[in-house]
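# Structure at a glance
As a plain string of letters, each chain reads:
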There are 2 protein chains.
Amino acid sequence: MRIPILKLNNLLLVSIQIELDDQSALQLQEDLLEKIHQTTAGGVVIDLTSLDMIDSFIAKVLGDIVSMSGLMGSQVVLTGIQPAVAITLIELGINLNEANTAIDLEKGIQILNQSGVQ
Amino acid sequence: MRIPILKLNNLLLVSIQIELDDQSALQLQEDLLEKIHQTTAGGVVIDLTSLDMIDSFIAKVLGDIVSMSGLMGSQVVLTGIQPAVAITLIELGINLNEANTAIDLEKGIQILNQSGVQ
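Residues numbered from 1 in each chain as written. Chains lettered and ligands numbered in written order. Predicted model: local features only at pLDDT ≥ 70, side-chain atom pairs only at ≥ 80, totals over all residues. Heavy atoms only, no water.

Chain A carries the name RsbT antagonist protein RsbS in an unreviewed UniProt entry, which gives Peribacillus deserti as its organism.

Below you can see the structure in the form of structure tokens.
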């Protein structure tokens, strides 16, 4: 099953509530970029609250999503990163391409609103 | 895969982007009621934009979700019902327990905000 992408005003919301395998991560990347193009959304919030673990491949895909969306003109905020995920990311030396992060979905939307994406 | 439920302030958002089979509809019912209980969300928007078809069982489950959530104190708005789904519902004589409906996710959230659910 594909990860649903919700459109809310000029934002896209993605909530990852499964363990991301390589295939679904790549599928999400493809679907999200396509949806940004379709909807001309100015910002994306990807909520990782339910993501318990991460590996270097998934982290790379997430980082790529941030860079690619940025290139298309859409700003990505990652929210709800769990302690174990934060630990892994730092220990692996992965910086998620300097993605914006926030504590939860609401705060992520706020960040985008403050940068003028409504 | 379970259908993700997003919490946004005091609302829950559900976007159905798969063909709902009987099992996933019942799973959604169970997950959503549990999430309402956990989060004490005052309102729920279920977006059906991507639902192409509906049958009487799924319609009954959706109607039940509306009634059950109402009983728990959470108001449900169904949004984005497609023409074919609207036709089937009316032809089957199903009234979805007088659920609130709206044209899209944004309008659904607006309706809940106007009834005091933020």
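Next, the rest of the story.
## Some words on the pairing of strand 3 (residues 43-47) of chain B
Residue and element names in this part refer to chain B. Of all 5 residues in strand 3, 5 are buried; the element is thus mostly enclosed. Residues Gly 43, Val 45 and Asp 47 point to one face of strand 3 and Val 44 and Ile 46 to the other, with burial holding for every one of them. Alignment of strand 2 (residues 11-15) against strand 3, held across 5 bridges, turns out to be parallel. Note on strand 3: the bridge partner recorded for Leu 12 is Val 44. Of the crossover connections in this fold, the one passing from strand 2 over helix 1 (residues 22-39) to the parallel strand 3 is right-handed. Since strand 3 and strand 4 (residues 75-79) lie parallel, the crossover through helix 2 (residues 56-72) that links them has a hand, and here it is right-handed. (Buried < 20%, exposed > 50% of the residue type's maximum accessible area, 1.4 Å probe, protein only. Helix = DSSP H or I, 4+ residues; strand = E, 2+ residues; numbered from the N terminus. Pairing = 2+ DSSP bridges. Right-handed = clockwise from strand over helix to strand, strands pointing away.)

## As for helix 4 (residues 105-114) of chain A
Considered for burial, the residues of helix 4 of chain A that qualify are A:Leu105, A:Glu106, A:Gly108, A:Ile109 and A:Leu112. Along the axis of helix 4 of chain A, the buried positions cluster into a sector of 160°, meaning they face one direction only. Looking at the buried residues of helix 4 of chain A, the elements they touch are strand 2 (11-15), strand 3 (43-47), strand 4 (75-79) and strand 5 (100-102) of chain A together with strand 1 (5-8) of chain B. A positive phi of about 90° marks A:Gly116, the residue just after helix 4 of chain A. (Arc of directions from axis to C-beta. Contact = heavy atoms within 4.5 Å.)

## A look at the side chain of A:Thr39
Residue and element names in this part refer to chain A. Among the structural elements, Thr 39 can be located in helix 1 (residues 22-39). For Thr 39, a relative accessible area of 18% corresponds to the buried category. Those residues in contact with Thr 39 that lie beyond four places of it in its chain are Lys 7 and Leu 12.

## Focus: the sheet that holds strand 3 of chain B
Residues and elements named next belong to chain B. One open sheet holds the 5 strands; their spatial order is 1-2-3-4-5, and the pairing between them is mixed. The sheet is open, and its two edges are formed by strand 1 and strand 5 (100-102), each paired on a single side. The sheet shows a mean angle of 25° between the axes of neighbouring strands, taken without regard to direction. Strand contacts of helix 4 (residues 105-114): strand 2, strand 3, strand 4 and strand 5, with the helix running at about 165° to strand 3, the strand carrying the most contacts. (Axes fitted to C-alpha atoms, helices over the stretch in contact; angles between N-to-C directions.)

## Side note on the interface of chain B and chain A
Facing 16 residues of chain B, the contacting portion of chain A comprises 16 residues. Summing both sides of the interface, chain B and chain A together bury roughly 1,500 Å²; the carbon and sulfur share of this comes to 72%. Looking only at chain B, the three residues that lose the most surface to chain A are B:Met1, B:Leu6 and B:Glu106, adding up to 39% of its buried area. At the surface where chain B touches chain A, the tally comes to 2 salt bridges. The closest approach of N and O atoms between A:Lys7 and B:Glu106, which form a salt bridge, is 3.2 Å. If you look at where chain B meets chain A, you find 6 residue pairs in polar contact (both at pLDDT 80 or more). (Buried area = accessible area lost by both parts, 1.4 Å probe. Salt bridge = Lys/Arg side-chain N within 4 Å of Asp/Glu carboxyl O. Polar contact = N/O pair within 3.5 Å; in protein donor to acceptor, adjacent residues only side chain to side chain.)

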